[in-house]
Amino acid sequence: MSTVPSVDALGALVAAGRVSEAIDAFESDWVELWYTCEPAVLRSFVDGLPTEAIASRPGLRFVAVASGQVTGDSAWALVDEAMARIRRGRRPDAEILLAHLLSSLQHRASGQLLQARLLLDGARPVATRTAVAPDGDLDPALLAFSRLQYGLTALLGGDVAGARNLIQTAYDAEGLHGSPAGRAHLGAHLALVCAVAGELLAAEEHLVRAEELAAGPGRVVTATADALRLTRLILFVDRRALPGAGRMVQARTPASYGMLWPLALWAHAQFLLLTGRHEAGLRLLAQAEVAASADSGEGIASEVARAAQADLNLALGNVREAWVAVEPGSSRSPWSAVAEATVLYVSGEFETVRYAARVARSAHDLTPRESARLRGLEAAACLAGGDEDSARRLLGVVVDLARRQGWRSFVSYLPRPLVAFALREGRLPAELAEATRDAAGGWVPGPALSAPLSPREREVFRLLLEGTARADIADRLGVSINTVKTQIRSLYAKLGVSSRGEVLRKVALMPPEWTYDVPDWSGA
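Note that the coordinates shown come from a computational prediction; the quantities given were computed from them, not determined experimentally. (Residues numbered from 1 in each chain as written. Predicted model: local features only at pLDDT ≥ 70, side-chain atom pairs only at ≥ 80, totals over all residues. Heavy atoms only, no water.)

So, about the side chain of Glu38. Its place among the elements puts Glu38 in the loop between helix H2 (19–36) and helix H3 (39–46). Residues within four places of Glu38 in sequence aside, it is in contact with Arg219, Val220, Val221 and Thr222. (Helix = DSSP H or I, 4+ residues; strand = E, 2+ residues; numbered from the N terminus. Contact = heavy atoms within 4.5 Å.)

Packing of helix H5 (residues 58–66) against helix H7 (residues 93–109) brings their axes to within 9 Å, and their N-to-C directions diverge by 10°. Relative to H7, the element H5 is oriented roughly parallel. Regarding H5 and H7, the two cross each other, and that crossing is left-handed. For the pair H5 and H7, contact is made by Pro58, Gly59, Arg61, Phe62, Val65 and Ala66 and by Glu95, Leu98, Leu101, Leu102, Leu105 and Gln106, respectively. Residues of the contact of H5 with H7, tallied by class, amount to eight nonpolar, two polar and two charged. (Axes fitted to C-alpha atoms, helices over the stretch in contact; angles between N-to-C directions. Parallel < 35°, antiparallel > 145°, perpendicular 65-115°, else oblique. Left-handed = near helix turned anticlockwise from the far one by under 90°. Nonpolar A, V, L, I, M, F, W, Y, C, P; charged D, E, K, R; others polar.)

In this structure, Phe26, Trp30, Phe45, Leu230 and Leu233 are the most contacted members of the largest nonpolar core, which totals 135 residues. Take this core: its biggest share by element is twelve residues, from helix H11 (residues 180–197). Once residues lying within four places of it in the same chain are set aside, the contact partners of Trp30 are Gly59, Phe62, Val63, Leu98, Leu142 and Phe145. In terms of nonpolar packing, the next biggest core, distinct from the first, is built from 13 residues, Val460, Phe461, Leu464 and Val497 among them. (Core = buried A, V, L, I, M, F, W, Y, C linked by side-chain atoms within 4.5 Å. Buried < 20%, exposed > 50% of the residue type's maximum accessible area, 1.4 Å probe, protein only.)

What follows concerns the confidence of the model for the protein. Residue-level pLDDT values for the protein average 78, and 80% of them are 70 or greater. Across the protein, the secondary-structure element scoring lowest on mean pLDDT is helix H28 (residues 500–507), at 62, and the one scoring highest is H11, at 92. In the predicted structure, residues 437–448 sits below a pLDDT of 50 and forms 41 contacts with residues beyond four places in sequence or in another chain. (pLDDT = per-residue confidence, 0-100.)

The next thing to look at is the packing of aromatic side chains. Evaluation of the coordinates by the stated rule reveals nine aromatic pairs. Seen from their ring centres, Trp30 and Phe145 are 5.3 Å apart, and the 85° between their planes marks the pair as edge-to-face. You can see Trp30 sitting in helix H2 and its partner Phe145 sitting in helix H9 (residues 140–156), a full 115 residues away along the chain. Neither Trp30 nor Phe145 differs from the other in exposure class; each is buried. One aromatic cluster is present, formed by Trp30, Trp34, Tyr35, Phe62 and Phe145 through successive ring pairs. (Phe/Tyr/Trp six-rings, centres within 6.5 Å; stacked < 30°, edge-to-face > 60°.)

Encoded structure:
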């Protein structure tokens, strides 16, 4: 790859009246500049160029819109101009690709994810998935960049599996000729989509590589840093490294992640669910609803919010509200299909759960995470109906997925009766059996416990994890200090420990000084 001029050098050319030379240099290396410069820096360069120059050059058009230098009707005018130019006559492959990429980007930025997905899925001429992989003489860096952008559109549209394939292809292609900054950017987003899909071992591997590449230049653009940070947060939550997750969610709110905020919202909601802060989770979702623009359209933003709201309401026992959240019969994506099957199971509609799970598997390209949860719900429904053979078969698929993906906390998403059945049957390997706590916080016997905790012992357990003194526990529960001491002794015996410090080290859920307040970003 040629030496990339700095934005300052390009600006100096413009100031010296050498506008055409500056534009030609920018057009040849704008992809690399995108990976190494913040949008505000790119806007400062584009802002000094003639309007007709922006309208006539493919790279400038894309950067002007993607960086936010041109917005609203002016952005749509550039989209129309780009599409008109390729319709008027034969144009180079790169210009055709960028015209459709620009149109998809503007639809996505405007909240019209359905239209952006139609472009991606080939409902319009030329903009098919094969259009992002033509056999022409396209710049490999441009081709990888295009695949990444289409992958992000698929991800925000709810097609996690499609996004995984596109971004993986982009990463593999860019590996032959990409710069460290470009590789870090692609690797960060590949790690993120693997984490969302539940492929935790792959996510960790790509995350480490991307962080090493990002450390080379010493500084990466915000989009790369956000993808790295959010991937780490999802891994923390999935692996129950909740103290680390707590520090990360206090540092940034979902709204501060830009276009990745739906995924950050989902990670925040899962964190609150696993730490028993259900009311705080619902409050966060209410704030998200206010913060989201009215024209945000369909896609992952609405799907993850509905699924998270269903989970949190179920944890509180609000089945009616959970039904309202999932809108029964409208499972447009794997996210809502899983949420709907969960609500059906809690409602006792076991035969319907089995039917809904089979329909979802045939209608959607499921990620490992979604497949595990749906098959787990189907297995629990089989168990409730007395079909233990089918339950064993489905449970075997779930455990195999968990083992291959490094998903230790997968049992959080399985109904308690199925987890108890798996333990009784000896179907969980030791590294998975350690994580046998369901999302509502109820413990079941396993290597960490000699017997189940009683409801009162679970209350005492939570207060101990929060660092509450014994006298304060007694006051909060309305019992004597001696009763609390008895309950703590029983709890320690079941955990096989002798002190509060050993409890914290063994369970590793929350530090004693734990504090977390849901940030108020309703006006963000």
